[in-house]
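Working through the structure, step by step
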Amino acid sequence: MLHRLTGCIVLLAASCAPAQNGGTQQDTRSTSVDEGARVVMERGPCFGTCPVYEVRIDASGVVSFDGRRFTDLSGTATAGIPRDSAAALMRSLEADGFFDLAPRYLHGEKECGAYHTDAPHVRLTLSLGGRTHTVQHDYGCTGAPEVLRSMHDRVDATAGVGRWISR
């Protein structure tokens with residue numbers, strides 16, 4: 001059935017600017033980043049068979065993987081992802097407050113909270129917009145913000161580390 005609208009004007013407007021919610025949310029879909037931007041994540045050992053590796057993603061989308069223990073690939077590999085995916089990852093880490101996180105969530109640090117042993121350790125470094133920040137996180141620390149684990153998982157997913165480890 002066809003309906004006619006007369007005397008009605010519909011105007012739709014869209015903005016390409018990032019959302020401004022207290023300055024914390026940004027458009028992460030296709031934001032470009034400077035050529036020196038990069039994410040580096042090192043996953044350390046645990047008491048069991050946790051994969052031990054380092055993964056790097058640079059602004060151009062180059063992914064470098066170095067499998068060290070309990071990975072399908074021992075040694076190095078390189079792959080590529082779209083530049084927009086690399087930029088989106090970096091901007092999402094920034095938007096989620098990475099630069100505001102404490103540098104250490106380790107046993108003995110006040111930010112650690114309650115602690116249990118034999119958990120893996122992750123070191124995440126983001127270099128973006130002339131800033132570099134590293135956060136060390138022992139998964140045995142219960143005081144670390146949940147968003148930190150989410151960031152680790154996001155790096156793994158964006159880099160596609162599943163092709164090199166059995167998870």
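See the structure printed just above.
For the structure given in this document, a descriptive report is provided here. (Residues numbered from 1 in each chain as written. Predicted model: local features only at pLDDT ≥ 70, side-chain atom pairs only at ≥ 80, totals over all residues. Heavy atoms only, no water.)

One open sheet accounts for seven strands, arranged E4-E3-E2-E1-E6-E7-E5; its pairing is mixed. Only two strands of the sheet have a single partner each, and these edge strands are strand E4 (75–80) and strand E5 (104–105). Here strand E1 (residues 38–43) pairs with strand E2 (residues 52–58) via six bridges, running antiparallel. Following the sheet pairing, Val39 is matched in E2 by Ile57. The sheet contacts of helix H1 (residues 83–95) involve E1, E2, strand E6 (121–128) and strand E7 (131–138), and relative to E6 the element is tilted by about 105°. (Pairing = 2+ DSSP bridges. Helix = DSSP H or I, 4+ residues; strand = E, 2+ residues; numbered from the N terminus. Contact = heavy atoms within 4.5 Å. Axes fitted to C-alpha atoms, helices over the stretch in contact; angles between N-to-C directions.)

Before going further, it helps to examine the environment of Arg149. Looking at where Arg149 falls in the secondary structure, it is placed in helix H2 (residues 146–159). When its relative accessible area of 31% is taken as the criterion, Arg149 is described as partly exposed. Sequence separation of Arg149 and His137 is 12 residues, and the distance between their C-alpha atoms is 8.9 Å. If near-sequence neighbours (up to four positions away) are discounted, Arg149 is found in contact with His137 and Tyr139. (Buried < 20%, exposed > 50% of the residue type's maximum accessible area, 1.4 Å probe, protein only.)

Of all the eight residues making up E6, six are buried; the element is thus mostly covered by neighbouring parts of the structure. With six bridges connecting them, E1 and E6 associate as antiparallel partners. If you follow Arg43 over to E6, its bridge partner there is Val122. From the end of E6 to the start of E7, which pair antiparallel, there are two residues, and Gly129 there has a positive phi angle of about 60°.

Glancing now at the state of the cysteines. For the structure shown, the criterion picks out two disulfides. Covalent S-S linkage joins Cys46 and Cys50, the inter-sulfur distance amounting to 2.0 Å. Here the disulfide of Cys46 and Cys50 is right-handed, its torsion about the S-S bond being about 100°. Cys112 shares a disulfide with Cys141; S-S distance 2.2 Å. Measuring the twist about the S-S bond at about -95°, one finds the Cys112-Cys141 disulfide to be left-handed. Highlighted residues: Cys112 in the loop between E5 and E6 and Cys141 in the loop between E7 and H2, separated in sequence by 29 residues. Disulfide partners in the protein, listed by the sequence order of the bonded cysteines, are 1-2, 3-4. (Disulfide = S-S within 2.5 Å.)

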